[in-house]
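Structure assessment
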Amino acid sequence: MDNKYWSEKAGGSVFISHCHKDLPSVRMIRNRMEEEGFEPICFYLKCLTDESEIDSLIKREIDARDLFVFADSENSRKSSWVRRERAYIESSPNRKSYVVDLDDTDHLSEMSERVMDSLRVFLTSAKCDSETVCIIEQALIKRDLMVYYERDGKNKILEPGELQAAIEDAALHGCAVIFLSEEACEGQSVVFRFDVPLIAEAFREKWLPVVIGNCPDEMLERAINCYLSDKAVRVGREPTPEQISAVVDAVENMLLENYYRRKADT
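Our subject in this report is the structure included herewith. (Residues numbered from 1 in each chain as written. Predicted model: local features only at pLDDT ≥ 70, side-chain atom pairs only at ≥ 80, totals over all residues. Heavy atoms only, no water.)

Brief notes about the overall build of the protein
As a reminder, the rule being used: The helix count covers DSSP runs of H or I at least four residues long, the strand count covers runs of E at least two residues long, and both are numbered beginning at the N terminus. Only protein chains enter the accessibility calculation, which uses a 1.4 Å probe; a residue is then buried when its area is under 20% of its type maximum, exposed when over 50%, and partly exposed in between. Note on contacts: a residue pair qualifies if any of its non-hydrogen atoms lie within 4.5 Å across the two residues. We get accessible surface area from the Shrake-Rupley algorithm with a probe of 1.4 Å; when it comes to residues, only the shown protein chains can shield them.
Of regular secondary structure, the protein possesses 11 helices and 9 strands. Within the protein, the fraction of its 266 residues that count as buried is 52%. Intrachain contacts of the protein at a sequence separation of at least 6 include 76% that bridge at least 24 residues. Carbon together with sulfur atoms contributes 47% to the accessible area of the protein, which is approximately 12800 Å² in total.

Written out as structure tokens, the structure is:
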């Protein structure tokens, strides 16, 4: 993927649960993720022999992460270590996991790409809302997602033609979050004139509206000329920890749903 639309500071650590017998295939996943800026973690603790010590170390590492890839295969299903890792990972609802079928070697590269696509988030907002959006951006990055936000003070604001290219690229690689507010509606900002129509068409079910402040639904509907999704999340100008978590959870759930929807279609 062309990374020019994506923040270089993003792209986090992903725990890959696998059987060491599958290492050649797992290396393919690991290498592709490293090329795209992610930091995939694969454990093979040859130096340790005490099972309780190994178990404790792996659990601490799992507790430090939020994103996981299960390298599924006949070998991994037979491995007691992999079964224990998976059970521990799945014991927390906050951990998002993606399954890659290592037995399907013909499509392994494609599946690796699909996992990475499901870790990318495209953000757009009016300039007047950028302080609030940057708070959400940092929360998404901390959850090991790769984030693009063109108004973070480092990337230039794109012209409509460039914006369309960025949105079309992002639509192939993750989901979009549109931030909406009363101030932006009243000013008829670029986010309503260009971003919303392009994103609604390009992303279809893969976009999430986040409403900042007390903007009435009627104003939002008039401004964006489309029905406000029932997936919308509302936050304050200074989002509370609970509101930030609600946005992050909604984004992660949408990414996970998109991944498994695409997986089922192939």
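Now that the structure has been shown, the text picks up again.
Brief notes about the sheet that holds strand S9 (residues 233–235)
Note the following rule: Strand pairing is defined by DSSP finding a minimum of two bridges between the two strands. To get an axis, fit a line to the C-alpha atoms, keeping to the stretch in contact for a helix; angles then go from 0 to 180 degrees between the N-to-C directions.
The parallel open sheet is built from 5 strands, whose spatial order is S6-S5-S7-S8-S9. Looking at which strands have only one partner, the edges of the open sheet turn out to be strand S6 (146–149) and S9. Sheet twist, expressed as the average angle between the axes of neighbouring strands with direction ignored, equals 25°. In terms of strand pairing, strand S5 (residues 120–124) meets strand S7 (residues 175–181) through 4 bridges, oriented parallel. Its bridge partner being in S7, Thr124 is matched across the sheet by Ile178. Packing of helix H6 (residues 130–142) onto the sheet brings it into contact with S5, S6, S7, strand S8 (207–212) and S9, and relative to S6 it is tilted by some 165°.

Description of the packing of helix H1 (residues 23–35) against helix H5 (residues 108–117)
In plain terms, the rule: Should an angle fall under 35 degrees it is called roughly parallel, over 145 degrees roughly antiparallel, and 65 to 115 degrees roughly perpendicular, with every other angle called oblique. The sense of a crossing depends on the near helix, which, turned anticlockwise from the far helix by less than a right angle, makes the crossing left-handed and, turned clockwise, makes it right-handed. In this classification, the charged set is Asp, Glu, Lys and Arg, the nonpolar set is Ala, Val, Leu, Ile, Met, Phe, Trp, Tyr, Cys and Pro, and all remaining amino acids, among them Gly, are polar.
Two elements in contact, H1 and H5, have axes separated by 10 Å at closest approach and are oriented at 40°. Of the possible angle classes, the one that applies to H1 and H5 is oblique. The way H1 lies across H5 gives a crossing that is right-handed. Across the interface between the two elements, Ser25, Met28, Ile29, Arg32 and Met33 of H1 pack against Leu108, Ser109, Ser112, Glu113, Val115 and Met116 of H5. Taken together, the residues of the contact of H1 with H5 sort by class into 6 nonpolar, 3 polar and 2 charged.

Section: the nonpolar core
Inclusion rule: What makes a nonpolar core is a set of buried Ala, Val, Leu, Ile, Met, Phe, Trp, Tyr and Cys residues whose side-chain atoms join them at distances within 4.5 Å.
Grouped together as the largest cluster of nonpolar side chains are 44 residues, with contacts concentrated most on Val100, Val121, Leu123, Leu140, Leu145 and Val251. If we ignore the near neighbours within four places in the chain, the residues touching Leu140 are Val121, Leu123, Leu145, Val147, Val248 and Val251. Among the nonpolar cores identified, the runner-up in size contains 14 residues, and Ala176, Leu180, Val211 and Cys215 belong to it.

Description of the pattern of salt bridges
Selection criterion: Every case where a carboxyl oxygen of Asp or Glu lies within 4 Å of a side-chain nitrogen of Lys or Arg is listed as a salt bridge.
A complete count under the given rule lists 9 salt bridges for this structure. Lys78 is the partner of Glu74 in a salt bridge, and the nearest nitrogen-oxygen pair spans 3.2 Å. Of this pair, Glu74 and Lys78 both sit in helix H3 (residues 74–78), separated by 4 residues, roughly a single helical turn. The class for Glu74 is partly exposed, based on a relative accessible area of 47%. Among the ionic pairs, Asp129 bridges to Arg237, the shortest N-O distance being 2.7 Å. Linking Asp129 in the loop between S5 and H6 with Arg237 in the loop between S9 and helix H11 (241–265), this pair joins segments that are 108 residues apart in sequence. For Arg237, a relative accessible area of 32% gives the class partly exposed. Counted as one network, the salt bridges with shared partners bring together Asp72, Arg77 and Asp103.

Some points on the pairing of strand S3 (residues 67–72)
When you tally the buried positions in S3, you get 6 out of 6 residues, the bulk of the element. In S3, alternate side chains face the same way, and those of Leu67, Val69 and Ala71 on one face and Phe68, Phe70 and Asp72 on the other are all buried. Of the strand pairs in this sheet, strand S1 (residues 13–17) and S3 are connected by 3 bridges, and their pairing is parallel. By the bridge assignment, Phe15 is partnered in S3 with Phe68. Two elements, S3 and strand S4 (residues 96–101), share 6 bridges in a ladder whose sense is parallel.

A few points about H1
Test applied: One less than the number of residues in a helix, times 1.5 Å, gives the span that helix is expected to have.
With 13 residues, H1 should reach 18 Å at 1.5 Å per residue; the first-to-last C-alpha distance of 18 Å fits that figure. Buried residues in H1 make contact with S1, strand S2 (39–41), S3, S4 and H5. Remark: Gly37 follows H1 within two positions and exhibits a positive phi of approximately 100°.

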